[in-house]
Amino acid sequence: MAEERAGRRAAGELEAEVLGVLWEAGGPVSATQVQQRLGRELAYTTVVTILSRLFEKGVATREKQGRSFAYTPVDDEPGLAARRMSRVLDAEADRTSVLARFVSNLSAEDERLLRGLLDGEGP
């Protein structure tokens, strides 16, 4: 259904919020801690479901802490975006054409940045 129901979040919005909490935490956090840091009423089971999905997608790791898990993001935000870009590229049969099209659509500034990175210059 294209229309969003009243009171419902857009797909991925809650995952992004939870991931934001993981990034800000700076270390492993439990579902209870994530629930508290979100600062709004959200069922504990919902938080656990979102954290489990992030773990299953390979976006977060988890370690046993007592009877529950503590979660940590596998990468920062730029690293996660780079992983997504790599997955898209890996799914394409003609990598050369995809990369050529991508590069041809870069702005002059992005092209300059990319050239610098390829030449070994830092970001």
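Look a little higher up for the structure.
Here's what I pulled together on the structure shown here. What you see is a predicted model; the values in this text were computed from it and never measured.

So, how was this worked out
Counting from 1, residues in each chain are numbered in the order their sequence is written. Per-residue local features of the predicted model are confined to residues with pLDDT of at least 70, and side-chain atom pairs are confined, for both listing and counting, to 80 or more; whole-chain, interface and lining totals are unaffected and use all residues. Based on all heavy atoms of the structure, the side-chain values leave hydrogens and waters out of the count. Helix and strand assignments come from DSSP, with helices taken as H or I runs of at least 4 residues and strands as E runs of at least 2, each series counted from the N terminus. Burial classification: accessible surface area is computed with a 1.4 Å probe over protein chains only, and a residue below 20% of its type maximum counts as buried, one above 50% as exposed, and the rest as partly exposed. Under the convention used here, a 1.4 Å probe and the Shrake-Rupley method define accessible areas, while residue burial counts only the protein chains that appear. Note on definitions: the grid is 1 Å and covers protein atoms alone; a cavity is a set of points where a 1.4 Å probe fits but cannot get out; a pocket is an open set with protein on both sides within 12 Å along at least five of seven lines; lining residues have an atom within 4 Å of a point. Grid points are joined across faces, edges and corners, and a volume is the space filled by probe spheres set on the points. Only Asp, Glu, Lys and Arg are considered charged, only Ala, Val, Leu, Ile, Met, Phe, Trp, Tyr, Cys and Pro nonpolar, and every remaining residue, Gly among them, polar. Centres within 6.5 Å are what make two rings of Phe, Tyr or Trp a pair, Trp counting through its six-membered ring; a difference in plane orientation under 30 degrees is then read as stacked, over 60 as edge-to-face, and the rest as tilted. Here, a charge over a ring is recorded when the distance from Lys NZ or Arg CZ to the ring centre is within 6 Å and its angle to the ring normal is within 35 degrees. Strand pairing is assigned whenever DSSP detects at least two bridges linking the two strands. Residues count as neighbours in contact if any of their non-hydrogen atoms are within 4.5 Å of one another. Axis definition: a line fitted to C-alpha atoms, over the contacting stretch in the case of helices. Angles run 0 to 180 degrees between N-to-C directions. For classification purposes, angles smaller than 35 degrees are called roughly parallel, those larger than 145 roughly antiparallel, those between 65 and 115 roughly perpendicular, and all remaining angles oblique. By definition, turning the near helix anticlockwise from the far helix through less than a right angle yields a left-handed crossing, and turning it clockwise yields a right-handed one.

1. With respect to the overall build of the protein
And then number 1: When helices and strands are tallied, the protein shows six helices and three strands.
And then number 2: Counting helices and strands in the order they occur from the N terminus, the protein gives α-β-α-α-β-β-α-α-α.
And then number 3: Taking all 123 residues of the protein together, the buried fraction comes to 24%.
And then number 4: Carbon and sulfur atoms provide 51% of the accessible area of the protein, an area that totals close to 9000 Å².

2. Brief notes about the layout of surface pockets
And then number 1: Volume-wise, the largest pocket comes out at about 410 Å³.
And then number 2: Considering the residues around the largest pocket, the lining is formed by Ala82, Met85, Ser86, Val88, Leu89, Val98, Leu99, Phe102, Leu106, Asp110, Leu113 and Leu114.
And then number 3: The set of elements that each furnish at least two residues to the lining of the largest pocket consists of helix H4 (77–90), helix H5 (95–104) and helix H6 (108–118).
And then number 4: Residue classes in the lining of the largest pocket are distributed as ten nonpolar, one polar and one charged.

3. Considerations on the packing of aromatic side chains
And then number 1: This model, assessed by the stated rule, comprises one aromatic pair.
And then number 2: Lying across the ring of Phe69, Arg62 places its NZ or CZ 4.2 Å from the centre.
And then number 3: A cation sits over an aromatic face here: Lys64 above Phe69, 4.8 Å from the ring centre.

4. Quick look at the sheet that holds strand S2 (residues 60–65)
And then number 1: Strand order in this open sheet of three strands is S1-S3-S2, and the pairing throughout is antiparallel. Of all the strands in the sheet, just strand S1 (29–30) and S2 have a single pairing partner and so form its edges.
And then number 2: Bridge count between S1 and strand S3 (residues 68–73): two bridges; the pairing is antiparallel. In the sheet register, Val29 faces S3, and the bridge partner there is Tyr71.
And then number 3: Along the sheet, helix H1 (residues 13–25) makes contact with S1, S2 and S3, crossing S3 at roughly 80°.
And then number 4: Against the sheet, helix H3 (residues 44–56) engages S2 and S3, with an angle of about 120° to S2.

5. A word on the packing of helix H2 (residues 31–38) against H3
The geometry of a pair of packed helices is captured by two quantities: the angle between their axes and the separation between those axes.
And then number 1: Two numbers describe how H2 lies on H3: the axes approach to 9 Å, and their chain directions differ by 110°. Classified by the interaxial angle, the pair formed by H2 and H3 is roughly perpendicular. Crossing geometry of H2 relative to H3 is assigned as right-handed. For the pair H2 and H3, the contacting residues are Ala31, Thr32, Val34, Gln35 and Leu38 in the first and Tyr44, Val47, Val48 and Leu51 in the second.

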